[in-house]
Amino acid sequence: MLVLALRSIRRRPGRFVATLLSAFLGAAIIMTFNSMHDTAGQAGVDSVSSQTLGTAAGVVGGYGTLLVFFAVASTLTVNVRQRTAELELLRCSGATPAQIKRMVVGEAVAVALVGAALAVGPAMLGGRALLDMFQDTGQVAESVEYSFGPIALLSGVDITLLASAGAAFLAVRRVTRRGRERAGAKRFLACAALVTGAAGACSTFLFSASDEALMAPPAYGAILLSVGFALLSPRLLKGVLNRLPLRGASGWLAVRNLRERADHLAGILVSLILFTAVSTATVTMQAVESDAVEASGLVKSVDAKNLETLNLTVVGIIAVFVCVMLVNSLYAATTYRSREFGQQRLAGATPGQVLGMVGVEGVIMSLTGVFFGTVAALAGVVPFTVVRTDAVLPDQFPGVWLAMVAVSAAVTLGTSLATARRVLRTPAVGAVALAA
């Protein structure tokens, strides 16, 4: 099966580009921040610098691990679902489900290994730039020298390989089980995340405005709520579609297609919900905290500077990963629909109507993801603002929210429409014949 996996990669390398890009970015981020552990472990590093570097590596490294898994899982799920006919043919030819799993997992591991190897150089440059930033802001002593050692290298390779193997296994398992899903387990996890997130956000009222850990409960509450919504994303999307009174050919086709593909679009909604919730909540709370400190006339401590740097860095990482996940998933999903677009055109739909349908689908997806992401973000922002400033909704929220919504909508609609336009360049008869 390993030989078959390598042959599959060599025969059609284009289908693995999205997975390679996700693995490359994930490994680069993990190595970049875990190199701070190597740097902090050198002889002669003072305790304050060591704590700053260790905190950055631990917090962002943890987020990076989760993001790697989500990014690779999203791209691999689309990849495996598009190969359903191929995998079914292998089963009819005598391959067992276990052999198919080993082949797909072998493909993922091989691609992830290449991505991790390519990420070493950029990670070294990124780690050096990160250390320079800490030194320029006075959080790390100027005498500390950068080090890229075994912790960064091994963590980047190991986590990327494990995430890729696990994501591939879960993706192909759904196909080999022929669609039998453990919906009960997913609903249980979603409810657990929602209840825990709500409890975490409400626990903010147990803190005082001067507590250093005040931002932690609402931030983690918003994250868990967004995870809960993300796990329920197919059901949420179907609920939204049932309440949309859209008219016209493009609107009718968009709603019909989204209903049929709601389960397949979960990865896109996961990205939108997580990005909107985490980025909006984190940036808004950090802005409220910075303004409160400035209004009090106090000087930010080293710990406060570390927290601000980490918050903004985490948001930046999430933004990059979400863009990659959305572009990869939308590009793959839209390209795969070439036969569907061709059939619609042969049935009488114009290219403009097909593009309109794709645009309506993108708008519905964006609105759904933004809505539930905003609910999760507000669940964290409002308690934090009430405790920290006695206000309810901070003045910073509308600006931050509009910026995050603009990014989400631009990536979703831009990728969908650009890919659909490229697919529509193929004549309808040729598209149906090639995809057959």
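Residues numbered from 1 in each chain as written. Predicted model: local features only at pLDDT ≥ 70, side-chain atom pairs only at ≥ 80, totals over all residues. Heavy atoms only, no water.

Caption draft 1: Geometry of the overall build of the chain. The secondary structure content of the chain amounts to 16 helices and 0 strands. The proportion of buried residues among the 436 residues of the chain is 49%. Excluding contacts between residues fewer than 6 apart, the proportion of contacts in the chain whose partners are at least 24 apart in sequence is 84%. Accessible surface computed for the chain: about 19700 Å², of which carbon and sulfur atoms make up 66%. (Helix = DSSP H or I, 4+ residues; strand = E, 2+ residues; numbered from the N terminus. Buried < 20%, exposed > 50% of the residue type's maximum accessible area, 1.4 Å probe, protein only. Contact = heavy atoms within 4.5 Å. Areas by Shrake-Rupley, 256 points an atom, 1.4 Å probe, with all protein chains shown as cover.)

Caption draft 2: Representation of helix α5 (residues 97-136). For α5, built from 40 residues, the straight-helix expectation of 58 Å at 1.5 Å per residue is met to within 8% by its first-to-last C-alpha distance of 55 Å. Taking the largest bend as the criterion, α5 deviates by roughly 40 degrees, centred on V120, and proline P122 comes between one and four positions later. Following α5 by one or two positions, G138 adopts a phi angle in the positive range, close to 80 degrees. (Expected span 1.5 Å × (residues − 1). Bend = angle between axes of the 7 residues up to and from the residue.)

Caption draft 3: Representation of the packing of aromatic side chains within the structure. Applying the stated criterion to the full structure yields 2 aromatic pairs. An angle of 50 degrees between the planes, with centres 5.4 Å apart, marks the rings of F229 and F372 as tilted. On the criterion of sequence distance, the pair formed by F229 in helix α8 (residues 216-231) and F372 in helix α14 (residues 351-389) is long-range, its members being 143 residues apart. Residue classification places F229 among the buried positions, given a relative accessible area of 14%. (Phe/Tyr/Trp six-rings, centres within 6.5 Å; stacked < 30°, edge-to-face > 60°.)

Caption draft 4: Layout of the packing of α8 against α14. Contact pair α8 / α14: the axes reach a minimum separation of 8 Å and the direction vectors enclose 160 degrees. Put simply, α8 runs roughly antiparallel to α14. When you trace α8 past α14, the crossing you get is right-handed. Where α8 approaches α14, its residues P218, A222, L225, S226 and F229 are matched on the opposing element by F372, V375, A376, A377, A379, G380 and F384. Considered class by class, the residues forming the contact of α8 with α14 number 10 nonpolar, 2 polar and no charged. (Axes fitted to C-alpha atoms, helices over the stretch in contact; angles between N-to-C directions. Parallel < 35°, antiparallel > 145°, perpendicular 65-115°, else oblique. Left-handed = near helix turned anticlockwise from the far one by under 90°. Nonpolar A, V, L, I, M, F, W, Y, C, P; charged D, E, K, R; others polar.)

Caption draft 5: Region of interest: the side chain of S366. Along the chain, S366 falls in helix α14. For S366, the contacting residues outside a window of four places in its chain are L272, A409 and T412.

Caption draft 6: Representation of the nonpolar core. Counting 24 residues, the largest nonpolar core has L237, I268, L326 and M365 as the members making the most contacts within it. Among the elements of the structure, α9 (233-241), α10 (249-260), α11 (266-296), α12 (302-335), α14 and α15 (397-423) are those that each provide at least two residues to this core. For M365, the contacting residues outside a window of four places in its chain are L237, L258, L265, I268, L269 and L272. Counting residues in each nonpolar core, the second largest holds 19 residues, with L25, F134, L310 and V324 among its members. (Core = buried A, V, L, I, M, F, W, Y, C linked by side-chain atoms within 4.5 Å.)

Caption draft 7: Just the side chain of E361, in detail. Secondary-structure assignment places E361 in helix α14. By relative accessible area, which is 5% here, E361 ends up buried. E361 has contacts with L253, A254, N257, L258, R261 and R337, leaving out every residue within four places of it along the chain.

Caption draft 8: Region of interest: the pattern of salt bridges. Throughout the structure, instances matching the rule amount to 1 salt bridge. Close ionic contact of E289 with R388 constitutes a salt bridge, the shortest N to O distance being 2.7 Å. Separated by 99 residues along the polypeptide, E289 in helix α11 and R388 in helix α14 bring together distant segments of the chain. (Salt bridge = Lys/Arg side-chain N within 4 Å of Asp/Glu carboxyl O.)

Caption draft 9: Layout of the environment of V227. By the secondary structure assignment, V227 is in helix α8. Among the residues examined, V227 registers a relative accessible area of 25% and is labelled partly exposed. What V227 contacts, discounting residues up to four positions off in sequence, is A193 and L274.

Caption draft 10: Representation of the confidence of the model for the chain. Here the chain shows a mean pLDDT of 81. Residues at 70 or above account for 87%. Mean pLDDT across the elements of the chain bottoms out in helix α1 (residues 2-11) (59) and peaks in α14 (90). (pLDDT = per-residue confidence, 0-100.)

Caption draft 11: Inspection of unusual backbone geometry at higher detail. In this model, D390 sits at a positive phi of 70 degrees, which is unusual for a non-glycine residue. Secondary-structure assignment places D390 in the loop between α14 and α15. For D390, a relative accessible area of 71% gives the class exposed.

Caption draft 12: Region of interest: the environment of I30. Relative to the helices and strands, I30 is located in helix α2 (residues 17-40). Remark: the alpha-carbon pair of I30 and S155, spanning 125 residues in sequence, is separated by 7.2 Å.

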